[in-house]
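Structural description and commentary
In case you want the letters, here they are:
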Amino acid sequence: MLLSQAINRAFKGYLTLQNSIQNDFELSGIAPLESATSTQISYIDQDKYISSLADSKAGAVLIRESLQDKVPKGIQPLVVANPHLAFALLSALFIQNDFSQSSFAEIASTAFVSPCASLGDNVRIGEDSKIMPGVVIGDNVRIGKNCKIYPNVVIYGNTHIGNNVNIHAGSVIGCDGFGYAHTDKGEHIKIEHSGRVVIEDDVEIGANNTIDRAVFGETIIKKGAKIDNLVQIGHNCVIGEHSILVSQVGLAGSTTTGRNVIFGGQAGTGGHIHIGDFVQVAGRGAVGKNLPPHTKWGGHPLMELDEWMKFYVSLRRMLKKSTPR
Amino acid sequence: MLLSQAINRAFKGYLTLQNSIQNDFELSGIAPLESATSTQISYIDQDKYISSLADSKAGAVLIRESLQDKVPKGIQPLVVANPHLAFALLSALFIQNDFSQSSFAEIASTAFVSPCASLGDNVRIGEDSKIMPGVVIGDNVRIGKNCKIYPNVVIYGNTHIGNNVNIHAGSVIGCDGFGYAHTDKGEHIKIEHSGRVVIEDDVEIGANNTIDRAVFGETIIKKGAKIDNLVQIGHNCVIGEHSILVSQVGLAGSTTTGRNVIFGGQAGTGGHIHIGDFVQVAGRGAVGKNLPPHTKWGGHPLMELDEWMKFYVSLRRMLKKSTPR
Amino acid sequence: MLLSQAINRAFKGYLTLQNSIQNDFELSGIAPLESATSTQISYIDQDKYISSLADSKAGAVLIRESLQDKVPKGIQPLVVANPHLAFALLSALFIQNDFSQSSFAEIASTAFVSPCASLGDNVRIGEDSKIMPGVVIGDNVRIGKNCKIYPNVVIYGNTHIGNNVNIHAGSVIGCDGFGYAHTDKGEHIKIEHSGRVVIEDDVEIGANNTIDRAVFGETIIKKGAKIDNLVQIGHNCVIGEHSILVSQVGLAGSTTTGRNVIFGGQAGTGGHIHIGDFVQVAGRGAVGKNLPPHTKWGGHPLMELDEWMKFYVSLRRMLKKSTPR
């Protein structure tokens, strides 16, 4: 599909292209500025990302009128009122089919695949791995050696799983992330997620978890991490080596952690923050900012753990003083 | 089954009818006062609902002795010590079978239904919709056009789903709501839920969510609403158009929202409250009262967002002053 | 396998046995001091458990050098730097297969098992019980009379379920508990859980819950308890008769409750605590200590409910006084 055709089809009823296309080309997809190739579109929504534009190899870039002059020669500017919405609309043209009927699978002779499991196209399963009844595996999934995928787990397309990984019943790996652009009328236009989930060696994932695929690139669960039940991991998160997430933790999109980080039960994070190596967050702790390595935290609002432990005592003393009985 | 027979069978060992039945009739079911017909039973448990009795078309009403005189002629009073318990006991006689063996389904020629999906009786699936492996659909379910029902989703009987709806893996739609009446001995008697879930057009529902059916009537997710993963929506909730529920939100029964409401991650509500149009509740916010339109809230206890943002700073200053170090 | 062989195989690369084995024997498994037999290993990690050693019938005990002298004659001491880690490493030798291909099942003639359900080996299903499509049942599971196991529920091996039990769609019963020992390098070594889940009569379990099996012994949901959706129950929990757990509650391992306890939505507990009969914990309440019978609690930090209700008012008054506007 030509760039011009893609834009006509995607923008219909929502947006208008405000300039003309000088260099039409056969469009292959959408990508961030850093990784886009000459047959892909990228977008810039905020001024602060403008510096990435100079080095981009993108074929075209969605951009506001006010920033149009910053686009280097060789990149076709696509001037629109709302580049983020334009990006979402275009993403719908490049949806990948996640759960095709299997036409090819490469299953090691020592692997076990239940006859009650469903495999998508082009799946590979390594030696001694066990795929139990009711498991549904999407297209292009790779599963390493000696893994146990328990009943009714769902693994979306393109997920890569290392060796010695256990995923317990009912967990969903590689689900679409929760990302939308918004129209003037308050509608939400889905951003189709083309990234994937990567799970490294020796990871254990409990039951009924949800781990979202990345918008672009990868959501990563690193080597040796252990995840309890009913945990939510948003798109583009990176969980560091040997980290521990206790039950019902919720990590918003693009939370990244160092190694051996511990989150207690029902703790959570806002998005786009980094948690340093060996940080401990107590149960129910609510993290809204970057945390330096080797520190301990708790509470909501978040306080250093020492302070949080004293909080209740202080508060109670104070309230007793000030409250008439 | 005659009314008298139904009562004998249902009350056995738990309750005694304290008056006599003048007008026995063939009983067809249970319903709220407002919608009950002359072959249905209804109930009144609290004095404040007594005004609804005058206009009711119910055939009989479960009622306390003290309110017996308020029952209009034409409605058979059924005097019992605990009308709510009586209602729960009777509800067990009218359980619908949710997942029958399919004897009829109407599937559009352009729809795809995986051979690894299970359909109940009398299911209809619209054009271009895709039912993936491991999906289980109950009796009388309607699914519109261009929907994607991802692997291992379960849709209980009588659910109605519009067009362009995505439901991600592992979500459960139309599960029984959590409602019980209680005996003197502390046992809980299940209230069988005869309502259903309605999902309007353009809704997206993430992975491993649970959306309960209504006791009576409908739990409704309105047009364009977007729901993340691991969210709980209780019986009889109504989620307004284009509203957004981020991961791990929990809405108690009969929470209703206006349009374009946003709940941040892990936020929650108590039951029977209304959230106005365009309200925003920050992550972890705990809502226990009605909220007016166009307001922002956070914290637990809930405060206006401005106040909540200042809360931590104030608290810390105060604690520093008052805490001996 | 001989004790000596088991130790060689399990410790490889992680631990060294610091003494010699005088009494080698054919090892049959691992068990707690109280229940271990003469062909089983047990372990002691903390001084406070040393009193249990005198009465133990264990064949061998993993122990620190400093406690070696306390081991009675007749028990083979196994001196290691980290007995907990040694226990975890050895547990991997005794993993039971949870989901075998069925070679035997005993299904009552009035029970219904969907052709789309999967049964492990040696399963028994009682009269009038209904196993719906997509359900996966592990080895040696017992299900009583008149149960409804809704679609896509997964029941791990050895779970025992009584009569009149409903388990709603997507719930996972008997999943491995979340327990690991830790190496010096910060790796987590899985403790294989050999316990099981027991669900007594008249229990109802909602959708997408997770109930973990015990390390040893049993996780128990007692008669008449009712559990909503998306609830996490950790290993070795005991939920008392007629208790109620509202949606998204999370109970950490070894939480035990009396009868008729109520947990509001999103409440949680730390581990190893006991909640007395008839205790009520308000929604979002965070319990970190034992609670006496017939008391009511709320908040985080936890306060008595009365205090918690006044908390917000007091706090606000105080902040208003102290905050410059």
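Here we summarise the structure given alongside this text. Model, not experiment: these values are computed from the prediction.

Our focus in this paragraph is the packing of helix α1 (residues 3–11) of chain B against helix α2 (residues 83–91) of chain B. All names here are of chain B. At a minimum axis distance of 9 Å, the contact between α1 and α2 shows a crossing angle of 100 degrees. One finds that α1 runs roughly perpendicular with respect to α2. Contacts between α1 and α2 involve Ala 6, Ile 7, Ala 10 and Phe 11 on the former and, on the latter, Ala 86, Leu 89 and Leu 90. When grouped by side-chain class, the residues that make up the contact of α1 with α2 number seven nonpolar, no polar and no charged.

It is worth spelling out the interface of chain B and chain C at this point. Each partner contributes to the interface: chain B provides 51 residues, whereas chain C provides 45 residues. Taken together, the two surfaces of chain B and chain C that pack against each other cover about 3,500 Å², and 59% of this comes from carbon and sulfur. Considering only the side of chain B, the residues that lose the most area to chain C are Phe 178, His 188 and His 300 of chain B, jointly responsible for 18% of the buried surface there. At the boundary of chain B and chain C, one finds one salt bridge. Its salt-bridge partner being Lys 190 of chain B, residue Glu 204 of chain C comes within 2.8 Å of it at the nearest N-O pair. Between chain B and chain C we count 24 residue pairs in polar contact (both at pLDDT 80 or more) in total. Taken together, the elements giving at least two residues each to the side of chain B that touches chain C come down to β16 (172–175), β17 (180–182), β18 (188–190), β21 (210–212) and α3 (305–322) of chain B. Among the elements that make up the side of chain B that touches chain C, the one with the highest residue count is α3 of chain B (seven residues). Grouping the amino acids of the side of chain B that touches chain C by side-chain chemistry returns 21 nonpolar, 21 polar and nine charged.

Take the sheet that holds strand β13 (residues 154–155) of chain A next. Residue and element names in this part refer to chain A. Pairing in this open sheet of nine strands is parallel, and the strands run β7-β10-β13-β16-β21-β24-β27-β30-β33 from one edge to the other. Pairing within the sheet leaves two strands with one partner each, and these edge strands are β7 (118–119) and β33 (286–287). Bridge count for β7 against strand β10 (residues 136–137) is two bridges, and the pairing is parallel. Counted as the bridge partner of Ser 118 is Val 136 from β10.

Once that is clear, we can look at α1 of chain B. Residue and element names in this part refer to chain B. For α1, the complete set of buried residues consists of Leu 3, Ala 6, Ile 7, Ala 10 and Phe 11. The arc that holds every buried residue of α1, seen down its axis, measures 105 degrees, which confines them to one face. Seen from the open side of α1, the exposed residues pointing more than 90 degrees away from its buried face are Asn 8 and Arg 9. Looking at the buried positions of α1, the neighbouring elements they touch are β2 (40–43), β3 (60–63), β4 (76–79) and α2. With its phi angle positive at about 85 degrees, Gly 13 sits one or two positions after the end of α1.

Residues and elements named next belong to chain A. Secondary-structure assignment places Gly 157 in the loop between β13 and β14 (160–161). Linking Gly 157 and Asp 139, residues 18 residues apart in sequence, is a C-alpha distance of 4.5 Å. Ignoring any residue separated from it by four or fewer positions in sequence, one finds Gly 157 in contact with Asp 98, Gly 138, Asp 139, Val 141 and Arg 213.

To continue, consider the interface of chain A and chain B. Taken together, the contacts link 51 residues of chain A with 44 residues of chain B. Carbon and sulfur atoms supply 58% of the area buried between chain A and chain B, which totals about 3,400 Å² over both sides. At the junction of chain A with chain B, the criterion picks out one salt bridge. In this assembly, chain A and chain B are joined by 23 residue pairs in polar contact (both at pLDDT 80 or more). Of all the elements, helix α3 (residues 305–322) of chain A adds the most residues to the side of chain A that touches chain B, at seven residues.

All names here are of chain A. Here strand β4 (residues 76–79) shows a buried face lined by Gln 76 and Leu 78 and a second buried face lined by Pro 77 and Val 79. Note that strand β3 (residues 60–63) and β4 share four bridges and pair parallel. Bridged to Val 61 within β4 is Pro 77.

Further remarks concern the pattern of salt bridges. Residue and element names in this part refer to chain A. All told, the structure shown has 24 salt bridges over all chains when counted by the stated rule. Note that Arg 196 and Glu 218 form a salt bridge whose closest N and O atoms lie 2.5 Å from each other. Residue Arg 196 is located in strand β19 (residues 196–199), and its partner Glu 218 is located in strand β22 (residues 218–221); the two are separated by 22 residues in the primary sequence. Residue Arg 196 is classed as partly exposed on the basis of its relative accessible area of 25%.

With that settled, the discussion passes to the relation of the copies chain A and chain B. Of the transformation placing chain A onto chain B, the axial shift is 0.0 Å and the rotation is 120 degrees, giving an RMSD of 0.0 Å. What we have between these two chains is a three-fold relation. Little of the interface of chain A is mirrored in chain B, where only 18% of its interface residues are also at the interface.

One way to see where empty space is left: roll a probe the size of a water molecule over the atoms. All told, the structure shown has nine cavities of 30 Å³ or more when counted by the stated rule. Of the volumes computed, that of the largest cavity is approximately 260 Å³. His 300 and Trp 308 of chain A, His 300 of chain B together with His 300 and Pro 301 of chain C are, among the 19 residues lining the largest cavity, the residues nearest its centre. Sorting elements by how many residues they give to the lining of the largest cavity places α3 of chain A first, with three residues. Broken down by class, the residue content of the lining of the largest cavity amounts to twelve nonpolar, four polar and three charged. Quantified by volume, the second largest cavity comes out at close to 180 Å³.

So, how was this worked out
Residues numbered from 1 in each chain as written. Chains lettered and ligands numbered in written order. Predicted model: local features only at pLDDT ≥ 70, side-chain atom pairs only at ≥ 80, totals over all residues. Heavy atoms only, no water. Axes fitted to C-alpha atoms, helices over the stretch in contact; angles between N-to-C directions. Helix = DSSP H or I, 4+ residues; strand = E, 2+ residues; numbered from the N terminus. Parallel < 35°, antiparallel > 145°, perpendicular 65-115°, else oblique. Contact = heavy atoms within 4.5 Å. Nonpolar A, V, L, I, M, F, W, Y, C, P; charged D, E, K, R; others polar. Buried area = accessible area lost by both parts, 1.4 Å probe. Salt bridge = Lys/Arg side-chain N within 4 Å of Asp/Glu carboxyl O. Polar contact = N/O pair within 3.5 Å; in protein donor to acceptor, adjacent residues only side chain to side chain. Pairing = 2+ DSSP bridges. Buried < 20%, exposed > 50% of the residue type's maximum accessible area, 1.4 Å probe, protein only. Arc of directions from axis to C-beta. Least-squares fit on C-alpha atoms with pLDDT ≥ 70 in both. 1 Å grid on protein atoms, 1.4 Å probe; cavity = no way out; pocket = protein on both sides within 12 Å on 5 of 7 lines; lining within 4 Å. Points joined across faces, edges and corners; volume = space filled by probe spheres on them.

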